[in-house]
Amino acid sequence: MILDIVNLYIIAELLDYIGVIKLTVAELLREGKVSRLMKITVLGTSGSGKTSFLRSLFGDDFVVSDVKRQDYLEGKANLTYTPIDVEESTTTVSMNQLGAMVIFTKSNQFEIMDINDGVDNLLSRDDIDSFMTFSIFDTAGQERFDFMAEICLKGSDAVILLADGSNVSSIEYLNYYIEKIKHEEIRSGIQIPVIIFMNKQDLSAKGLYLGGDFARTATRNEYEVFETTIKDPECFQLPLRVLINQINDQ
Ligand SMILES: Nc1nc2c(ncn2[C@@H]2O[C@H](COP(=O)(O)OP(=O)(O)OP(=O)(O)O)[C@@H](O)[C@H]2O)c(=O)[nH]1
Ligand SMILES: [Mg+2]
């Protein structure tokens, strides 16, 4: 279930009314310390790690509708996907969606969580300075779902682009998505903050990872590139902070 600002407001006003909380969510809303539901779209070729990245942040809260990679099991070639373990791997069909909440505390800490957990959490806390709510769209990277990129990009407040850092074609394909982002910017007249994850950095130990500079050069240094791996979920904290700052600066 996605709780939007209106729902949050109703819950908060109710709890405020019956005196359950001191620093109420309603106060945060009244003081303008919460924004509308922001839309983040995650794009990248199939197997670049989009669903794994969100799973590493949200665990089982991120319910996905992925299926086994049937086409690869049937031996169909795809330049942008170089599987390490096809038997174990799944793929997203159409897209997955998640409601997320970012909390900024009074001590300048930053926390990201599933929106449902976030709401429970908020009610017992008095250290919150402000929060933001997000709807995150995890798109399907298979080429047959390419048309979804355009649909999902409509109205996006930010984009996270992923590349499989061990696959040249996956990295070069970033430009395909960048082109689509630019079209959406022209259509909406609004600039969209973008960050790039050069994922699977852990494969550098096997000599398979091409490095951040490869992605920077391929995308003409237009956006910030972060080297990431789902083996170390902490590595996503800094880039997410950078992206949220960019959204706030818009
Ligand atoms: N070694 C390593 N493997 C990764 C990493 N991220 C993802 N993978 C693996 O790559 C495969 C594909 O990951 P997914 O998260 O399903 O990729 P996706 O981008 O969601 O793919 P689609 O849903 O088909 O678009 C899985 O087997 C993951 O375990 C990483 O950082 N390092
Ligand atoms: Mg996926």
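Everything that follows concerns the structure shown earlier in this document.
Predicted model only: the values in this text are computed from it and were never measured.

Next up on the list: the coordination of the magnesium ion (ligand 2). Looking at the magnesium ion (ligand 2), the protein donor atoms are Thr51 (OG1) and Thr92 (OG1), and they sit 2.0 Å from it. Of this pair, Thr51 sits in helix 3 (residues 50-58) while Thr92 sits in the loop between strand 3 (90-91) and strand 4 (95-105), and the two are 41 residues apart along the sequence. According to the relative accessible area criterion, Thr51 is buried, its value standing at 13%.

Within this structure, the stated rule accounts for 7 aromatic pairs. Centre to centre, the rings of Phe53 and Phe236 are 4.6 Å apart; their planes meet at 50°, and the pair counts as tilted. Placement of the pair is Phe53 in helix 3 and Phe236 in the loop between strand 9 (224-227) and helix 10 (237-249), with a sequence separation of 183 residues. Both residues of the pair, Phe53 and Phe236, count as buried. For the pair Phe197 and Phe236, a centre-to-centre distance of 5.4 Å together with 40° between the ring planes defines the contact as tilted. Of the two residues, Phe197 is situated in strand 8 (residues 194-199) and Phe236 in the loop between strand 9 and helix 10; the sequence distance between them amounts to 39 residues. Each of the two residues, Phe197 as well as Phe236, counts as buried. Between the NZ or CZ atom of Lys39 and the centre of the ring of Phe137, over which it lies, the distance is 5.0 Å.

This brings us to the pattern of salt bridges. All chains considered together, the criterion is met by 5 salt bridges. Residue Lys180 pairs with Glu150 through a salt bridge whose shortest N-O separation is 2.8 Å. Taken together, the positions of Lys180 in helix 8 (residues 174-188) and Glu150 in helix 6 (residues 147-153) put the pair 30 residues apart, joining distant regions of the chain. Note on Lys180: relative accessible area 18%, which makes it buried. With a shortest N-O distance of 2.8 Å, Asp213 and Arg216 are connected by a salt bridge. Within this pair, Asp213 and its partner Arg216 are both found in helix 9 (residues 212-218), separated by 3 residues, close to a single helical turn. Judged by its relative accessible area of 23%, Arg216 falls in the partly exposed class.

Looking now at empty space enclosed by the protein. Applying the stated criterion across every chain yields a total of 3 cavities of 30 Å³ or more. By volume, the largest cavity amounts to about 70 Å³. What lines the largest cavity is a set of 13 residues, among which Ile40, Ile112, Ile136, Ile160 and Leu240 lie closest to the centre. Put simply, the parts of the chain that give the lining of the largest cavity at least two residues each are helix 3, strand 4, strand 6 (128-139) and helix 10. Of the residues belonging to the lining of the largest cavity, the class tally is 13 nonpolar, no polar and no charged.

Our focus in this paragraph is the site of ligand 1. The local shell around ligand 1 holds 22 residues, among which Ser46, Lys50, Ser52, Thr91 and Gly141 are the closest. Here an oxygen atom of ligand 1 sits 2.9 Å away from a polar atom, N or O, in the side chain of Thr51. At 3.2 Å, a side-chain N or O of Lys200 approaches an oxygen atom of ligand 1. Across the complex, the protein chains shield 87% of the 660 Å² of accessible surface that ligand 1 would expose by itself. Elements with a minimum of two residues in the shell around ligand 1: helix 3 and strand 3. Here the shell around ligand 1 gets 3 residues from one element, more than from any other, and that element is helix 3. Looking at the shell around ligand 1 residue by residue, the class counts come to 3 nonpolar, 14 polar and 5 charged.

On to the nonpolar core. Counting 30 residues, the largest nonpolar core has Phe53, Phe58, Phe134, Ile136, Ile160, Phe197 and Leu240 as the members making the most contacts within it. Every element with two or more residues in this core is listed here: strand 1 (34-44), helix 3, strand 4, strand 5 (110-114), strand 6, strand 7 (158-164), strand 8 and helix 10. No other element matches helix 10, which puts 5 residues into this core. Ignoring anything within four residues of it in the chain, the contact list for Ile160 reads Ile40, Thr41, Val42, Leu43, Phe53, Ile195, Phe197, Leu240 and Leu243. Among the nonpolar cores identified, the runner-up in size contains 22 residues, and Leu174, Ile178, Ile181 and Tyr223 belong to it.

Scoring rules and cut-offs
- Residues numbered from 1 in each chain as written.
- Chains lettered and ligands numbered in written order.
- Predicted model: local features only at pLDDT ≥ 70, side-chain atom pairs only at ≥ 80, totals over all residues.
- Heavy atoms only, no water.
- Donors = N, O, S within 2.8 Å, 3.2 Å for Na, K, Ca; no water.
- Helix = DSSP H or I, 4+ residues; strand = E, 2+ residues; numbered from the N terminus.
- Buried < 20%, exposed > 50% of the residue type's maximum accessible area, 1.4 Å probe, protein only.
- Phe/Tyr/Trp six-rings, centres within 6.5 Å; stacked < 30°, edge-to-face > 60°.
- Lys NZ or Arg CZ within 6 Å of the ring centre and 35° of its normal.
- Salt bridge = Lys/Arg side-chain N within 4 Å of Asp/Glu carboxyl O.
- 1 Å grid on protein atoms, 1.4 Å probe; cavity = no way out; pocket = protein on both sides within 12 Å on 5 of 7 lines; lining within 4 Å.
- Points joined across faces, edges and corners; volume = space filled by probe spheres on them.
- Nonpolar A, V, L, I, M, F, W, Y, C, P; charged D, E, K, R; others polar.
- Near = heavy atom within 4 Å.
- Polar contact = N/O pair within 3.5 Å; in protein donor to acceptor, adjacent residues only side chain to side chain.
- Areas by Shrake-Rupley, 256 points an atom, 1.4 Å probe, with all protein chains shown as cover.
- Core = buried A, V, L, I, M, F, W, Y, C linked by side-chain atoms within 4.5 Å.
- Contact = heavy atoms within 4.5 Å.

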